[in-house]
Amino acid sequence: MTNKSQELFEKARRLMPGGVNSPVRAFRAVGGHPIFMASGKGATIVDVDGKSYIDYVLSWGPLILGHAHPEVVETLVKVLETGTSFGACTPREVELAERITEAYPSIERVRLVNSGTEATLSALRVARAATGRDKILKFEGCYHGHGDSLLVKAGSGVATLGLPDSPGVPRALAELTVTVPFNHTPALEEAFRVHRNQLAAVIVEPVAGNMGVVVPHLDFLEKLRALTLEQGTVLIFDEVMTGFRVAYGGAQQLYKIDPDMTTLGKIIGGGLPVGAYGGKARLMDLVAPVGPVYQAGTLSGNPLAVAAGLKTLEILRRPGLYERLDLLTEKLVGGLVKEAAGLGTLLTANRVGSMFTIFFTPQPVSDFASAQKADTAAYSLFFHTLLEAGVYFPPSQFEAAFVSTSHSEGDMTATLEAASLAFAGLHP
Ligand code: KE4
């Protein structure tokens, strides 16, 4: 018997590429067809067939408060009645800029945009303008949105330049992107030797989330800061996922690194489309209309998204919130690893605050190569067993999972019960 999700998917595939508006939603990494969602409330999401799930995707990170938080909804209803977009300056944009610059001392000026992709491609443009250099450096397994310069894979070595990681990316552009393994300090030093004083920017997820969660080695981030300072390279912390997630002040607060620029997104929109890029005034004052670097956006700073973001950040400032999130997530992640071991499966869990990944490999996961050693077939079985039991994990081994302030101890218990079924199924 086909269910509504399957019927919708058949229709959607005739109308949208792969039937989706973003590839990861297509379930290609885990098999099966995507679930179409109808509503969400707190930690729960409900599909079009009325089945409920405990949600650990949370829209890929924005919903740190859970779905349809009552105070966020109340704020949006009020703002809706006053208009949705003016294409003009509004007081709330100033307020959100204040909250961001207070929380991120490295950000002296900030520009709001509509997505993380817009934020990172704009930050790179500023860095190239500021340095007069064209080359940039990124890390294998890190994702910074779909800007052409960032859809690039490593050449044969740090000495060789990048190759397009998607058709449509000009080879000449890809060659300007150097790629280095994440957490590999010697390779990083080699890249700075080979491309001495030629790198406009390094862009990094300070805690990687897009190969699954990978925790940075402290010396790696410190060396990165030292090398970029030494050679006048702009250090961009891409905190689209980690910003206001791993701490109110993001990874730069946790690891005490002072980047030149930061990109934000997800949480600062409270579930509506927002991105932001910002940094030192000497860099951001290059941006139009003050400076010559052009960047613009019809809906940038729109009243609805900014209001949802402001209310979300206000709630996040309440005492003890991050400590409780951390404890709740540790209970879940520690329980999953313990449950699996008891049933014969050794997992590696990487976690920073309320973002985590359970890798189906007993080996430590500290970079893209080690993440790739995970057993994706086992993850798929885990994913589908949980889905059947009403628990929604990311439909890919190489994505981050998230906990919200709406998740309860009961949700953790139910998730661990479902997981024990999955682990038992791995060793029939
Ligand atoms: P968006 O353009 O999707 O708003 O942001 C791009 C982006 C930039 N930087 C980081 C660190 C990110 O994680 C992202 C987007 N994250 C993915 C999750 N892996 C979004 C989910 C999707 O692509 O559908």
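Residues numbered from 1 in each chain as written. Predicted model: local features only at pLDDT ≥ 70, side-chain atom pairs only at ≥ 80, totals over all residues. Heavy atoms only, no water.

Trainee: A description of the overall build of the protein chain should follow, citing residues and the corresponding values.
Mentor: What the protein chain contains, in helices and strands, is 14 helices and 16 strands. For 428 residues, the compact-globule formula gives about 22 Å, and the C-alpha radius of gyration of the protein chain, at 21 Å, lands near that figure. With respect to the principal axes defined by its C-alpha atoms, the protein chain has extents near 60 × 55 × 50 Å. Split into buried and exposed, the 428 residues of the protein chain put 55% on the buried side. For the protein chain, contacts bridging at least 24 residues in sequence account for 71% of all contacts bridging at least 6. Element-wise, carbon and sulfur atoms account for 57% of the exposed surface of the protein chain, whose accessible area totals about 17600 Å². Distance between charge centroids for the protein chain: 3 Å, based on 37 positive and 42 negative side chains. (Helix = DSSP H or I, 4+ residues; strand = E, 2+ residues; numbered from the N terminus. Rg over C-alpha atoms; globule rule 2.2 N^0.38 Å. Buried < 20%, exposed > 50% of the residue type's maximum accessible area, 1.4 Å probe, protein only. Contact = heavy atoms within 4.5 Å. Areas by Shrake-Rupley, 256 points an atom, 1.4 Å probe, with all protein chains shown as cover. Lys, Arg positive; Asp, Glu negative; His and termini not counted. Charge placed at Lys NZ, Arg CZ, Asp CG, Glu CD.)

Trainee: I'd love a proper account of helix H10 (residues 303-316), names of residues and values included.
Mentor: Its 14 residues give H10 an end-to-end C-alpha distance of 20 Å, which sits within 8% of 20 Å, the value for a rise of 1.5 Å per residue. Across the 14 residues of H10, 13 count as buried, placing the element largely inside the fold. (Expected span 1.5 Å × (residues − 1).)

Trainee: An account of the packing of aromatic side chains is needed here, citing residue identities and associated values.
Mentor: Counted according to the given criterion, the structure contains 16 aromatic pairs. For the pair Phe 27 and Phe 383, a centre-to-centre distance of 5.2 Å together with 85 degrees between the ring planes defines the contact as edge-to-face. Placement of the pair is Phe 27 in the loop between helix H1 (4-15) and strand S1 (37-41) and Phe 383 in helix H13 (residues 376-388), with a sequence separation of 356 residues. Relative to Phe 382, the ring of Phe 360 has its centre 5.3 Å away and its plane inclined at 55 degrees; by these criteria the two rings are tilted. Separated by 22 residues along the polypeptide, Phe 360 in the loop between strand S14 (355-359) and helix H12 (368-371) and Phe 382 in helix H13 bring together distant segments of the chain. Each member of the pair Phe 360 and Phe 382 is classed as buried. Taken together, the ring pairs connect Tyr 56, Phe 356, Phe 360, Tyr 379, Phe 382, Phe 393 and Phe 423 into an aromatic cluster. (Phe/Tyr/Trp six-rings, centres within 6.5 Å; stacked < 30°, edge-to-face > 60°.)

Trainee: Account for the sheet that holds strand S3 (residues 52-55), with residues named and values stated.
Mentor: The strands making up a sheet associate through backbone hydrogen bonding, with each pair oriented either parallel or antiparallel. On the basis of which strands lie adjacent, the open sheet formed by four strands has the order S1-S2-S3-S15 and mixed pairing. The open sheet has two edge strands with one neighbour each: S1 and strand S15 (391-392). Bridge count between S3 and S15: two bridges; the pairing is parallel. The residue bridging Asp 55 from the neighbouring strand is Tyr 392, located in S15. (Pairing = 2+ DSSP bridges.)

Trainee: Can you break down the pattern of salt bridges residue by residue, with the values?
Mentor: Across all of its chains, the model carries 18 salt bridges by this definition. Close ionic contact of Arg 318 with Glu 71 constitutes a salt bridge, the shortest N to O distance being 2.8 Å. Placement of the pair is Arg 318 in the loop between H10 and helix H11 (321-342) and Glu 71 in helix H2 (residues 70-80), with a sequence separation of 247 residues. Given the relative accessible area of 37%, Arg 318 is considered partly exposed. On the accessibility criterion, Glu 71 (24% relative accessible area) is partly exposed. (Salt bridge = Lys/Arg side-chain N within 4 Å of Asp/Glu carboxyl O.)

Trainee: Help me get a handle on the site of the ligand, residues and values and all.
Mentor: As a matter of local geometry, the ligand sits amid 16 residues, with Ser 22, Thr 117, Asn 210, Asp 238 and Glu 399 nearest to it. The residue inventory of the shell around the ligand, partitioned by class, reads five nonpolar, seven polar and four charged. (Near = heavy atom within 4 Å. Nonpolar A, V, L, I, M, F, W, Y, C, P; charged D, E, K, R; others polar.)

Trainee: Tell me about unusual backbone geometry, and name the residues and values.
Mentor: The omega angle of the peptide bond from Ala 288 to Pro 289 is 5 degrees, so this bond is cis rather than trans. Within the secondary structure, Pro 289 is located in the loop between helix H9 (281-284) and H10. Even without a glycine there, the phi angle at Asn 197 is positive, about 55 degrees. Mapped onto the fold, Asn 197 is located in the loop between helix H6 (185-194) and strand S9 (199-204). According to the relative accessible area criterion, Asn 197 is partly exposed, its value standing at 40%. Phi is positive for Lys 256, which is not a glycine, with a value near 55 degrees. As for its position among the elements, Lys 256 is in the loop between helix H8 (250-255) and strand S11 (261-265).

Trainee: Tell me about the packing of H2 against H10, and name the residues and values.
Mentor: In the contact formed by H2 and H10, the axes pass within 9 Å of each other and the chain directions differ by 150 degrees. Classified by the angle between their axes, H2 and H10 sit roughly antiparallel to one another. Seen along the crossing, H2 lies across H10 with a hand that is right-handed. Across the interface between the two elements, Glu 71, Val 72, Thr 75, Leu 76, Val 79 and Leu 80 of H2 pack against Pro 303, Leu 304, Ala 307, Ala 308, Lys 311, Thr 312 and Ile 315 of H10. Within the contact of H2 with H10, the residues separate by chemical class into nine nonpolar, two polar and two charged. (Axes fitted to C-alpha atoms, helices over the stretch in contact; angles between N-to-C directions. Parallel < 35°, antiparallel > 145°, perpendicular 65-115°, else oblique. Left-handed = near helix turned anticlockwise from the far one by under 90°.)

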